[in-house]
Amino acid sequence: MAKHLLYVFAVATGCADKPATFLAGASTDDTAAGATAKPDRSCGEAWTTDDSGVATQPSDCQFWSPRSASTMDWYTAASAEDAQAGNCGSDCPPAGASYCDSLDQLGNSAWRLPSKIELMNAAKTHPDIADVGGRLWSRDTAPSPTSNAWTVDLDRAGAAMHLDKSDDGMWVRCISTD
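Please read these numbers as outputs of a predicted model, since none were measured by experiment. Per-chain numbering applies: the sequence of each chain, read as written, is numbered from 1 onward. Reporting in this predicted model follows two pLDDT cut-offs: at least 70 for local features of residues, and 80 or more for side-chain atom pairs to be given and counted; totals over whole chains, interfaces and linings ignore these cut-offs and use all residues. Side-chain descriptors were evaluated using all non-hydrogen atoms of the structure, hydrogens and water having been removed beforehand.

Visitor: Could you give me a rundown of the confidence of the model for the protein chain, with the residues and numbers involved?
Guide: In predicted models, pLDDT denotes the confidence assigned by the predictor to each residue on a 0 to 100 scale. Considering every residue of the protein chain, the mean pLDDT works out to 76; 75% of them sit at 70 or more. Of all helices and strands in the protein chain, the one with the weakest mean pLDDT is strand 1 (residues 21–22) (28), whereas strand 6 (residues 135–141) scores best (95). In this model residues 1–40 is a low-confidence stretch, pLDDT under 50, and it forms 32 contacts with partners more than four residues away in sequence or in other chains. The numbering of helices and of strands both runs from the N terminus, where a helix is a DSSP run of H or I of at least 4 residues and a strand a run of E of at least 2. The contact rule is simple, with two residues in contact once any of their heavy atoms fall within 4.5 Å.

As structure tokens, then:
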């Protein structure tokens, strides 16, 4: 029982405080018996930015792309998969590549549009990153009208509002956990 509680604690505390993240169903005894454990990734205690402009959020071990070079509408920013995860309902972007799909930062092509909650959580940490100001598209569609999507300003501790998806004045930062 104590080993199970240790496992839950290690997953729940975040990346900097745990020695390893065990696969679902594994315990410390399972790894000794040859089960595979994922390696830990240290995220530090403060936001960091690498030479390519990718920022690491320490509290959630998430990578944030540099802010888009220009503003765009939600239909350009969101992939069909992002939009479905954000409950786009009947007002989804067309199939095809989105802004985040086109990124290849850190040799990583697993970028996606962040959720409203991910953006708000990042904003609450007051990220010390370049171009922090300005409203950013989230993947999340507003409950009403569904022609609106949520935006968040990282510079305003998570100030969120929903705007028309066709508004082409919003910036984009993509997120990845890989």
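Visitor: Pulling in residues and values, what's your account of the packing of aromatic side chains?
Guide: Whether two aromatic rings pair depends on their centres lying within 6.5 Å, for rings of Phe, Tyr and Trp, where Trp uses its six-membered ring; planes under 30 degrees apart make the pair stacked, over 60 edge-to-face, and the rest tilted. Per the counting criterion, the structure on display carries one aromatic pair. For the cation-ring pair, Lys116 lies above Trp150, with the distance from its terminal atom to the ring centre recorded as 3.6 Å. Directly above the aromatic system of Trp74 lies the positively charged group of Lys165, at a separation of 4.1 Å from the ring centroid. Lysine and arginine charges are scored as sitting over a ring when NZ or CZ, respectively, is within 6 Å of the ring centre and within 35 degrees of the ring normal.

Visitor: So what's going on with the state of the cysteines? Which residues, and what values?
Guide: The disulfide criterion used throughout: a pair of cysteine sulfur atoms within 2.5 Å. Using the criterion set out here, one finds two disulfides in the structure. Residue Cys88 pairs covalently with Cys92 via a disulfide, S to S 1.8 Å. The S-S bond linking Cys88 to Cys92 shows a torsion near 75°; that makes this disulfide right-handed. Classification of Cys92 by relative accessible area gives partly exposed; the value is 24%. In this scheme, a residue with accessible area under 20% of its type's maximum is buried, one over 50% is exposed, and one in between is partly exposed, where area comes from a 1.4 Å probe on protein chains only.

Visitor: Outline the pairing of strand 6, supporting the account with residue identities and numerical values.
Guide: For strand 6, the buried fraction is high: six of the seven residues fall into the buried class. Here strand 6 pairs with strand 7 (residues 148–153) via four bridges, running antiparallel. Its bridge partner being in strand 7, Arg135 is matched across the sheet by Asp153. Pairing between strands is defined by DSSP: at least two bridges between them are needed. Hairpin remark: strand 6 followed by strand 7, antiparallel, with six residues in the connecting loop.

Visitor: For the side chain of Thr141, give the residues involved together with the corresponding values.
Guide: The residue Thr141 is located in strand 6 in this model. In the analysis that follows, any N or O atom pair within 3.5 Å is treated as a polar contact, provided that within protein one partner can donate a hydrogen and the other can accept it, and provided that, for residues neighboring in sequence, both atoms belong to side chains. At 3.0 Å, the side chain of Thr141 and the side chain of Lys165 are in polar contact. Contacts of Thr141, omitting those with residues within four sequence positions, involve Trp74, Gly86, Asn87, Cys88, Thr146, Asn148, Ala149, Trp150 and Lys165.

Visitor: Can you tell me about the sheet that holds strand 7, naming the residues and giving the values?
Guide: Within a beta sheet, neighbouring strands are joined by backbone hydrogen bonds and run either parallel or antiparallel to one another. As summarised here, the arrangement of the three strands in space is 6-7-8, forming an open sheet in which the pairing is antiparallel. The outermost strands of the open sheet, each flanked by one partner alone, are strand 6 and strand 8 (159–164). In this sheet, adjacent strand axes meet at a mean angle of 35° when their direction is disregarded. Two elements, strand 7 and strand 8, share six bridges in a ladder whose sense is antiparallel. What sits directly across from Val152, in strand 8, is Ala160. Strand contacts of helix 5 (residues 116–124): strand 6, strand 7 and strand 8, with the helix running at about 145° to strand 6, the strand carrying the most contacts. For helices, the fitted axis covers only the stretch in contact; all axes are lines through C-alpha atoms, and the angles between them, taken along N-to-C directions, range from 0 to 180 degrees.

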